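Results of the structural survey
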Amino acid sequence: MTFEQLELITPIQKALKEENYTTPTPIQAQAIPHLLDGRDILASAQTGTGKTAAFAIPILQKIAQDRQQHRGKRPLRALILTPTRELALQIGESLSAYGRFTQVRNTVIFGGVNQQKQTEALGRGVDILVATPGRLLDLMDQGFIHLGNIEYFVLDEADRMLDMGFIHDIRKVLAKLPTNRQSLFFSATLPDNIVDLSRKILSDPFKVSVNPVSSTAETIQQYLYQTNKSSKNELLLHILQDEDLDQVLLFSRTKHGADRICRTLNKKRIRAAAIHGNKSQNQRQKALQDFKEGNVRVLVATDIASRGIDIDQLRYVVNFDIPNEPETYVHRIGRSGRAGEEGISISLCEPEENSYIRSIETLIDQKIERVADHPYPQTERPMTAEEKKEFDKEKAGRRQAYFDTRRQNSGRGGMGRNPRNGRR
Ligand code: AMP
């Protein structure tokens, strides 16, 4: 499934390309067609599933398509209610990004800050309003906002809204909304009180539920190689001796790490290319193309750069390091085993990362298979808290000494001298 197949208008397609989105996430693929058809939706999806784009794209498209009718005046046509200021800002950014080639305008309002900028923005006219409940009601009371023309209403993170005690505020907002509207209801969980609330808001909704992040790992064979930090390169080369691993997506925590791994592999005549934030859009696209066509065997990616990557039937994912956030591990290995294909993930773990593995195993609720039979077993132990403190102190000292020398040298010999050899 591609975004083209979702019949999106050209300005939105173009914006999604710029965001590097190639494939809709499951919630987007399932929800967008129904939303474009005008149906209400009850969606069980949490952050990280692409839910924001799932509701933002159809609303932008519908408003962009019939803005002609409303030429000149700009009544408020969509309201997105969300529990926190952070979420409100994120949604506003997403609307601006996906709608950048349309004429649709949005603004964001939330409490805890002076209202003047917000009321000025409202005064200039907006199509979509993203709001937290308190400030919304406040500005409604003051007459800055009227909900009489709302055609699209989104309740985002409904379960969190109720947890935060917003039920009365939500009811007050609902009372002001026109009955003839399309409503979109998103919640990470659907306990009884949430389902009850959804019934008051939705009419004959399309229901969609996407798996929380922890469950995607079940279909993938996962292997863990425990080793020392200093032997990771050799271990990787040893693993890549197996020619079955013909197309490997390898994750590195840092951009420099990614470049280093590429150099190590290329030296051993293993064709590798890196994609990360320091590479230009063209370089990234070329690397991806080479990888897809089989000219590059190992694509080395950082987590952020990997987001837009979608390769059909990718079998192998290698974690050169273990992410400290278990969700990141699940996202990484979820890149393999697409479209019903069996995926295989291989993780290289140094002593300091053992504890990350424990958190991952708790999240995915399964034990990752240890590969004991390899030439570079883990012989070192993780540092104790005391040793770690000492290590960090030494490291900070070395950094300071480095910068001190740099400063002295730049004082004598001008800026930009290398402290080791005095050369520029
Ligand atoms: P959300 O679940 O809405 O918080 O989105 C999670 C992250 O996924 C955001 O950083 C989005 O920019 C990103 N994202 C959403 N849809 C896609 C897509 N189709 N392809 C790649 N990234 C996406």
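Attention in this report is confined to the structure presented alongside it.

The rules behind these values
Residues numbered from 1 in each chain as written. Predicted model: local features only at pLDDT ≥ 70, side-chain atom pairs only at ≥ 80, totals over all residues. Heavy atoms only, no water. Salt bridge = Lys/Arg side-chain N within 4 Å of Asp/Glu carboxyl O. Helix = DSSP H or I, 4+ residues; strand = E, 2+ residues; numbered from the N terminus. Buried < 20%, exposed > 50% of the residue type's maximum accessible area, 1.4 Å probe, protein only. Patch = residues over 30% accessible without salt bridge, like charges linked within 9 Å, V, L, I, M, F, W, Y side chains within 5 Å. Areas by Shrake-Rupley, 256 points an atom, 1.4 Å probe, with all protein chains shown as cover. Lys, Arg positive; Asp, Glu negative; His and termini not counted. Charge placed at Lys NZ, Arg CZ, Asp CG, Glu CD. Core = buried A, V, L, I, M, F, W, Y, C linked by side-chain atoms within 4.5 Å. Contact = heavy atoms within 4.5 Å. Near = heavy atom within 4 Å. Polar contact = N/O pair within 3.5 Å; in protein donor to acceptor, adjacent residues only side chain to side chain. Nonpolar A, V, L, I, M, F, W, Y, C, P; charged D, E, K, R; others polar. Phe/Tyr/Trp six-rings, centres within 6.5 Å; stacked < 30°, edge-to-face > 60°. Lys NZ or Arg CZ within 6 Å of the ring centre and 35° of its normal. Pairing = 2+ DSSP bridges. Axes fitted to C-alpha atoms, helices over the stretch in contact; angles between N-to-C directions.

**What to know about the pattern of salt bridges**
What the rule picks out here adds up to 20 salt bridges. Residues R74 and D127 are paired through a salt bridge, measuring 2.5 Å at the closest nitrogen-oxygen approach. With R74 in the loop between α3 (51–65) and β2 (78–81) and D127 in the loop between α5 (116–124) and β4 (128–131), this residue pair connects regions lying 53 residues apart in the sequence. You'll find R74 and D127 in the same group, each marked buried.

**Section: helix α6 (residues 133–141)**
Within the sequence span of α6, burial applies to P133, R135, L136, L137, L139 and M140. One or two positions beyond α6, positive phi appears at G143, with a value near 85 degrees.

**A short note on a negative patch on the surface**
Taken together, the side chains of D242, E243, D244 and D246 define an acidic patch exposed on the protein surface. Within the fold, E243 resides in the loop between α10 (232–240) and β9 (248–251).

**So, the nonpolar core**
Ranked by size, the top nonpolar core spans 40 residues in total, and within it I27, I57 and I128 carry the most contacts. Contacts of I128, omitting those with residues within four sequence positions, involve I59, L60, I63, L76, A78, I80, L95, V104, R105, N106 and T107. Counting residues in hydrophobic clusters, the runner-up holds 31 residues, among them A158, V173, L197 and I201.

**Remarks on the site of the ligand**
Every one of the 13 residues lining the ligand counts as a neighbour, but Y21, Q28, G48, G50 and T52 are closest to it. Between the ligand and T23, the relevant distance is 2.8 Å, taken from a nitrogen atom to a main-chain nitrogen or oxygen of the residue. At a separation of 2.7 Å, an oxygen atom of the ligand approaches a polar backbone atom of G50. In isolation the ligand exposes 500 Å². Once the protein is present, 80% of that is buried. Residues belonging to the shell around the ligand are distributed by class as follows: 3 nonpolar, 8 polar and 2 charged.

**Topic: the environment of D159**
By secondary structure assignment, the location of D159 is in helix α7 (residues 158–163). Using a relative accessible area of 14% as the deciding quantity, one classes D159 as buried. C-alpha separation for the pair D159 and R370, spaced 211 residues apart in sequence, amounts to 38 Å. Residues in contact with D159, not counting those within four places in the same chain, are S187, A188, T189 and I194.

**Thoughts on the packing of aromatic side chains**
Tallied over the full model, the rule gives 2 aromatic pairs. Note that K14 overlies the ring of F101, its terminal NZ or CZ placed 4.1 Å from the centroid. Above the face of the F320 ring, K232 is positioned so that its terminal group lies 5.7 Å from the ring centre.

**Considerations on unusual backbone geometry**
The residue E157 is not glycine, and still its phi comes out positive at about 50 degrees. With respect to the helices, strands and loops of the structure, E157 is situated in the loop between β5 (152–155) and α7. Looking at E157, the relative accessible area reads 9%, which means it is buried.

**So, the sheet that holds β2**
Within the open sheet, the 7 strands sit side by side as β3-β4-β2-β5-β6-β1-β7. Their pairing is parallel. The open sheet is flanked by β3 (106–109) and β7 (206–209), the only strands paired with a single partner. For this sheet the average axis-to-axis angle between neighbouring strands, irrespective of direction, equals 10 degrees. Pairing geometry for β2 and β5, over 4 bridges, is parallel. When the sheet's bridge partners are listed, A78 is paired in β5 with Y152. Contacts between helix α2 (residues 26–36) and the sheet are confined to β1 (41–44), β6 (182–187) and β7, with β7 contributing the most and set at about 170 degrees to the helix.

**Structural notes on helix α13 (residues 326–333)**
Taken across its 8 residues, α13 has 6 buried, putting it largely inside the fold. For α13, the full list of buried residues reads P326, T328, Y329, V330, R332 and I333. Those residues of α13 that are buried lie in contact with β8 (220–226), β9, β12 (316–319), β13 (343–349) and α14 (354–364).

**Overview of the sheet that holds β13**
The sheet built from 7 strands is open, its strands ordered β10-β11-β9-β12-β13-β8-β14 with parallel pairing. The sheet is open, and its two borders are formed by β10 (272–275) and β14 (369–370), each paired with just one other strand. In terms of strand pairing, β8 meets β13 through 7 bridges, oriented parallel. Opposite I220, over in β13, you have G343 as the bridge partner. Contacting β8, β9, β11 (298–301), β12 and β13, α10 runs over the sheet at an angle of about 155 degrees to β13. Contacting β8, β9, β12 and β13, α13 crosses the sheet at an angle of about 150 degrees to β12.

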